[in-house]
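Structural description and commentary
What follows is each chain in one-letter form.
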Amino acid sequence: EAEQFANVASSQLSIAQWLDLARRINAAFTDDQDLTGIVVSSGTDTLEETAYFLNLTVRSDKPVVVVGSMRNPSTLGYEGAANLLEGFRVAAEPASRGKGVLVVLNDEINAARDVAKTDALRLDTFQSRHYGILGVVDSDRVVFHRAGVKRHTAAAEFDVSQLKDLPRVDVIMVYQGASGDLIKAAVDQGAKGIVIASAGAGATSGTQGEGIQYAVSKGVFVVTSTRTGSGRIAAGRRGRAGGGDDRPDQALRIAAEDLAPVKARVLLMLAIAARADGASIQRMFTEY
């Protein structure tokens, strides 16, 4: 059955629409016990963020598959119809159940948690870094090679049924000679969390260390991720400019593990909305 939820560019989706979409999917699974799965079509620019949000907020083991297309429908070689059909096939496949939200494009199945858009134009843009695809959609059948081990969907602890919005969380990039003023400005404008897309394994630059200290002094959570595209930020390495871990404000310093900055933002928003403390948020970044 087809249903139009919204008709906007993926980059124009609001947080309120994210929440409404998760609630609509949850309601569909609850109201129709015979429903096998759901396919969500999306623009590709922010598809990975929407998919990961649903991965944390859909409360069912039944498949949710997010699809998109890299070519415009008016372009020769438009692949949208093929991706949509493959999304239906994956959603109807019994083996898809319990694997979390899936992203299907270019004959490949990726986990919402791991996948990233890696190229602005190429058809094979959605990749899962070193982890690899979950499976493929071939002409004869859907084939799975592996499954993720992180918590998701029915096993997740996040309840968005009563939420009207999510706390503001901003992503700040590290670059040579960067100013901490951007971090301070985000805090002053109401950010409840900051995700630092650090250089390497946690390095900041310029006066960003001062900005981070300002943030934690105001009770703002600071999550350190990496801008490199892969690799972990372990709990013992939450940035080199923040002081020793014995400081009281270190409870507000969180390591993103291997989550990309934009996905770390999604998890942090949900964690803050759940009124989690620093230790609980660090646990969430380990488990999800």
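In case you missed it, the structure is sitting above this.
An account of the accompanying structure is given in this report. Here the structure is a predicted model, which means the values were calculated and not measured.

This part is about the overall build of the chain. Secondary structure assignment for the chain yields seven helices and twelve strands. Taken over C-alpha atoms, the radius of gyration comes to 19 Å for the chain, in line with the 19 Å a tight globule of 288 residues would show. On the principal axes, the C-alpha backbone points of the chain span a range of 55 × 40 × 35 Å. For the chain, buried positions account for 48% of its 288 residues. Total accessible area on the chain is roughly 13400 Å²; 49% of this is exposed by carbon and sulfur atoms. Charged side chains in the chain number 32 positive and 34 negative. The centres of these two groups are separated by 5 Å.

A contiguous nonpolar patch, built from L84, L85 and F88 and spanning about 280 Å² of accessible area, is present on the exposed surface. Mapped onto the elements, L85 comes out in helix α3 (residues 80-92).

Let's shift gears to unusual backbone geometry. Backbone geometry at N106 places phi at a positive 55 degrees, although glycine is not the residue there. Note that N106 resides in the loop between β3 (102-105) and β4 (108-111). Unusually for a residue other than glycine, R275 sits at a positive phi of about 60 degrees. Here R275 is to be found in the loop between α6 (261-273) and α7 (278-287).

On to the sheet that holds β4. Taking strand neighbours across the sheet as the criterion, the six strands line up as β1-β2-β3-β4-β7-β8 in an open arrangement whose pairing is mixed. Where the open sheet ends on each side, the last strands, each with one partner, are β1 (38-41) and β8 (142-144). Averaged over all adjacent pairs, the angle separating strand axes in this sheet is 25 degrees, with direction ignored. Bridge count between β1 and strand β2 (residues 64-67): four bridges; the pairing is parallel.

Taken together, the four strands give an open sheet; going across it, the order is β9-β10-β11-β12, and neighbouring strands pair in parallel fashion. Across the chains shown, the open sheet's two edge strands, defined by having one partner strand only, are β9 (169-173) and β12 (253-255). Sheet twist, expressed as the mean angle between neighbouring strand axes with direction ignored, is 25 degrees. Relative to strand β11 (residues 221-226), strand β10 (residues 193-198) runs parallel, the two sharing six bridges. Looking at β11, one finds that I194 is bridged to V222. Across the sheet, α6 is in contact with β9, β10 and β11; its angle to β10 comes to roughly 160 degrees.

Thresholds applied
- Residues numbered from 1 in each chain as written.
- Predicted model: local features only at pLDDT ≥ 70, side-chain atom pairs only at ≥ 80, totals over all residues.
- Heavy atoms only, no water.
- Helix = DSSP H or I, 4+ residues; strand = E, 2+ residues; numbered from the N terminus.
- Rg over C-alpha atoms; globule rule 2.2 N^0.38 Å.
- Buried < 20%, exposed > 50% of the residue type's maximum accessible area, 1.4 Å probe, protein only.
- Areas by Shrake-Rupley, 256 points an atom, 1.4 Å probe, with all protein chains shown as cover.
- Lys, Arg positive; Asp, Glu negative; His and termini not counted.
- Charge placed at Lys NZ, Arg CZ, Asp CG, Glu CD.
- Patch = residues over 30% accessible without salt bridge, like charges linked within 9 Å, V, L, I, M, F, W, Y side chains within 5 Å.
- Salt bridge = Lys/Arg side-chain N within 4 Å of Asp/Glu carboxyl O.
- Pairing = 2+ DSSP bridges.
- Axes fitted to C-alpha atoms, helices over the stretch in contact; angles between N-to-C directions.
- Contact = heavy atoms within 4.5 Å.

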